[in-house]
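# Structure at a glance
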Number of protein chains: 2
Amino acid sequence: MALIVQKFGGTSVGTVERIQQVAEKVKRFREQGDDIVVVVSAMSGETNRLIELARQISPQPLPRELDVMVSTGEQVTIALLSMALSEIGVPAISYTGSQAGIVTDNVHTKARILNIAVQRIRNALSAGHVVVVAGFQGVDEEGNITTLGRGGSDTTGVALAAALKADECQIYTDVDGVYTTDPRVVPKARRLDRITFEEMLEMASLGSKVLQIRAVEFAGKYSVPLRVLHSFQEGPGTLITLDEEASMEQPIISGIAFNRDEAKLTIRGVPDTPGVAFRILGPISAANVEVDMIVQNVAHDNTTDFTFTVHRNDYNSALRVLQQEAAELKAREVIGDTEIAKVSIVGVGMRSHAGVASCMFEALARENINIQMISTSEIKVSVVIEEKYLELAVRALHTAFELDAPASKGE
Amino acid sequence: MALIVQKFGGTSVGTVERIQQVAEKVKRFREQGDDIVVVVSAMSGETNRLIELARQISPQPLPRELDVMVSTGEQVTIALLSMALSEIGVPAISYTGSQAGIVTDNVHTKARILNIAVQRIRNALSAGHVVVVAGFQGVDEEGNITTLGRGGSDTTGVALAAALKADECQIYTDVDGVYTTDPRVVPKARRLDRITFEEMLEMASLGSKVLQIRAVEFAGKYSVPLRVLHSFQEGPGTLITLDEEASMEQPIISGIAFNRDEAKLTIRGVPDTPGVAFRILGPISAANVEVDMIVQNVAHDNTTDFTFTVHRNDYNSALRVLQQEAAELKAREVIGDTEIAKVSIVGVGMRSHAGVASCMFEALARENINIQMISTSEIKVSVVIEEKYLELAVRALHTAFELDAPASKGE
């Protein structure tokens, strides 16, 4: 008999009918003899409705009170799902974050879980109940209601699975697993049976929005096996695990991630002296702009060029800061470009295989795609290219790394 | 500096604009130097919306889960009002029933308050906050969310006022006070400045729906001065108090209550033997029908007639039970009438004044209104009459007991 934590997001519980379908799914697991803890989000649209109501009162609502209000969204869902389970003969009991013993810090609207007192849940499981817990919320040590920030229900699921030492944490979504890349760009993209936490983190941060990144970090840290599945279709989904061995048998590259949310800034002809990188990036950071890729090449004529990427929303403010810096540093010029895209190949397999990067560059060269920036880590290689070549680049890489699904009989 | 508990119902907080108006009103009291605890209901319509959602899942939703769900209605209001107060410079903090320390029994959907741990509220008041508490809800001793049943926010207000030893509990409504009778029936009805708890109980239970009866009982039991006021108009409202002296100066009768929700049943010619009343009413009560007035007159020819009233909704089931009883008791016949109305005169003054009942009967006789049943208590006299005479009877009694407002200059 396994203990499974199942998390259903807002779309999966968006209507009464869907809540009833979720109840049926939970019942099937229950009938296999598993103990089930279900974590649910607010019905889709509800959180936005509540925030909108708050905004009508105050452009910047008190964070403490916003949490009191927004947390009602999940509270409604846990009650409805418990009723639906009971209606089909499955004993169920609901707990708010507070009742489930989820204690967080006191940073309202983006709190972090400190610990979970699981005795109450354990007792309810022992009494034969399915336990339905409100995701996304907790209480601080003084009993104030907190929320974990958007998407925090994934984190609740993983944290509960860790605290309960569950056998698996299942995240139900509107996709049937993690894909080698976005199937809308590459129709031949394949669902992965397994992926490691590290790979998933690179995939998630690079734009595959299946799972909240904090949840994946949390699952990796506490070795909670995480499975991504479709809410309303059958299938094994994708298991995210520590286990690298399984991945070793897979292709060197697990997937291709991409991102068109960034913009590129270059400051040219800055003096090549110690501390110049800090002098450039310090003010950018002070302006609350997050920097992603940073590239500095070797100097010539005692000056160097320095390039980095930021989110497109931050492009204008970063540009202003950089122009000011350029004047002080007597740099030659500042140039920028918003029409770029970042493409990354990700895979723990590349640790033990040489030539992965060159295979990537060769595939892009074959399509005449110019590489503007390159950045590498142990399990990924990222390049910046002109935005208009994004789809072409992703498809070329998907084929080059043998990720394409075999043609099915029907094709 | 006084400590005042103010309760605003669903209509008073039904829109964002109204919540802002309530915040302004609270601010004005605050500026007079008073400490304020505000109790609010769910925005009007919200509780029904939630119950309807639950009904879509289950015709008889689990009471525990219904409470989890329905209690979110007030939770949204407390957050919005706290935000609105903060927005106009009044420091405010919200507490759910649980956070406010309101402990109830575990009878879900109609729980009773057992005690209130007020330390948290006191600390917040000392820190200079207006405290906004969710009405209608609490937690049982095991931390399960409970609700007090419809209208329970009045009870929350009074219970908090009692626990905090507040100087006054103000109930804001859509009327500007308690009237001598329903102004829709008698345009000359007058607002009472004061009324005693006992009178208010008789008025409330007889159909003046200004206050929830449990709240009045509670206020009387703990001697909490209760004031009914209009949410959005200025005015002193009506003070409900223990103090009979004030009432002594008022007319003998404080008000005329009436009710057209009842039906009358008579069983005629039952043997006049001990235990017959129980044999008739026992099965009625076993059928979950509540009986209001009961009249049995002296016997003749060793048989007697027995008449009682029930809610009109229960008329058919009471009639069926009674017909069965009549057969077993060999009674002569069973007759019933749904077209009746009950009219009552209420006033602590009648304790010390003779002839109040005869004055009532005389006023009705003068209008040729036949009295079908009479029932009296220490502070009221009730009669049942034909329904079509209801308005005439109420107006005649209002004038006879000198309750009519003096004609204003404009009239």
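Residues numbered from 1 in each chain as written. Chains lettered and ligands numbered in written order. Predicted model: local features only at pLDDT ≥ 70, side-chain atom pairs only at ≥ 80, totals over all residues. Heavy atoms only, no water.

Looking only at helix 13 (residues 390-400) of chain A, the buried set comprises Leu390(A), Ala393(A), Val394(A), Ala396(A), Leu397(A) and His398(A). Where helix 13 of chain A ends, the next residue or the one after it, Glu402(A), has phi of about 55°, a positive value. (Buried < 20%, exposed > 50% of the residue type's maximum accessible area, 1.4 Å probe, protein only. Helix = DSSP H or I, 4+ residues; strand = E, 2+ residues; numbered from the N terminus.)

Residue and element names in this part refer to chain A. With mixed pairing, the eight strands of this open sheet are ordered in space as 3-6-2-1-9-11-12-10. Looking along the sheet, the strands with just one partner apiece sit at the ends: strand 3 (92-95) and strand 10 (194-196). Adjacent strand axes in the sheet meet at a mean angle of 20° when their direction is disregarded. The pairing of strand 1 (residues 3-8) with strand 2 (residues 35-40) spans six bridges and is parallel. Across the sheet, residue Phe-8 finds its bridge partner in strand 2, namely Val-40. (Pairing = 2+ DSSP bridges. Axes fitted to C-alpha atoms, helices over the stretch in contact; angles between N-to-C directions.)

We now examine the relation of the copies chain A and chain B. With an RMSD of 0.2 Å, the fit of chain A onto chain B corresponds to turning through 179° and sliding 0.1 Å along the axis. This pairing of chains is accounted for by a two-fold axis. Within chain A, the C-alpha atom positioned nearest to the axis of rotation is that of Thr72(A), 2.6 Å from it. (Least-squares fit on C-alpha atoms with pLDDT ≥ 70 in both.)

So, on to the pattern of salt bridges. In total, this model carries 35 salt bridges over all chains according to the counting rule given. With a closest N to O distance of 3.5 Å, Glu333(A) and Arg268(A) form a salt bridge. Taken as a pair, Glu333(A) in strand 17 (residues 333-337) and Arg268(A) in strand 14 (residues 262-271) lie far apart in primary sequence, 65 residues in all. Among the residues examined, Arg268(A) registers a relative accessible area of 29% and is labelled partly exposed. Of the charged contacts in the structure, one is a salt bridge between Asp182(B) and Arg184(B), with a shortest N-O distance of 2.8 Å. If you follow the salt bridges from partner to partner, you end up with Glu46(A), Arg49(A), Glu46(B) and Arg49(B) in one network. (Salt bridge = Lys/Arg side-chain N within 4 Å of Asp/Glu carboxyl O.)

Attention shifts here to the UniProt feature "binding site: ATP" (unreviewed entry) in chain A. Residue and element names in this part refer to chain A. Cross-referencing UniProt, the feature "binding site: ATP" (unreviewed entry) maps to Lys-7, Phe-8, Gly-9, Gly-10, Thr-173, Asp-174, Tyr-179, Arg-184, Lys-209 and Val-210 in the present numbering. Within the secondary structure layout, Lys-7 lies in strand 1. On the accessibility criterion, Lys-7 (8% relative accessible area) is buried. In contact with Lys-7, other than residues within four places in its own chain, are Val-39, Ser-41, Ser-153, Asp-154, Gln-170, Ile-171 and Tyr-172. (UniProt positions renumbered as here; feature names shortened; annotations may be inferred. Contact = heavy atoms within 4.5 Å.)

So, on to the interface of chain A and chain B. Counting from both sides, the interface comprises 43 residues of chain A and, opposite them, 43 residues of chain B. The interface formed by chain A and chain B contains two salt bridges. Notably, a salt bridge pairs Arg49(A) with Glu46(B), separated by 4.0 Å at the nearest N-O pair. Among the elements of the structure, helix 1 (16-31), helix 2 (46-57), helix 3 (63-70), helix 4 (72-87) and strand 3 of chain A are those that each provide at least two residues to the side of chain A that touches chain B. By residue number, the principal contributor to the side of chain A that touches chain B is helix 4 of chain A, which donates eleven residues. Of the residues contributing to the side of chain A that touches chain B, the split by class is 23 nonpolar, 13 polar and seven charged. (Nonpolar A, V, L, I, M, F, W, Y, C, P; charged D, E, K, R; others polar.)

This part covers the domain arrangement of chain A. Residues and elements named next belong to chain A. According to the domain assignment, chain A contains domain 1 (3-245) and domain 2 (247-402). Inter-centroid distance (C-alpha atoms) of domain 1 to domain 2 is 34 Å. Contact residues are listed per partner, giving 20 residues for domain 1 and 26 residues for domain 2. Summed over both sides, the interface of domain 1 with domain 2 buries roughly 2000 Å², with 54% coming from carbon and sulfur. Where domain 1 touches domain 2, the interface holds one salt bridge. In this structure, Lys-380 and Glu-202 form a salt bridge, with 3.4 Å as the shortest nitrogen-oxygen distance. Taken together, the connections running from domain 1 to domain 2 amount to seven residue pairs in polar contact (both at pLDDT 80 or more). It is helix 7 (residues 197-205) that provides the largest number of residues to the side of domain 1 that touches domain 2, a total of four residues. (Domains from an automatic or database assignment. Buried area = accessible area lost by both parts, 1.4 Å probe. Polar contact = N/O pair within 3.5 Å; in protein donor to acceptor, adjacent residues only side chain to side chain.)

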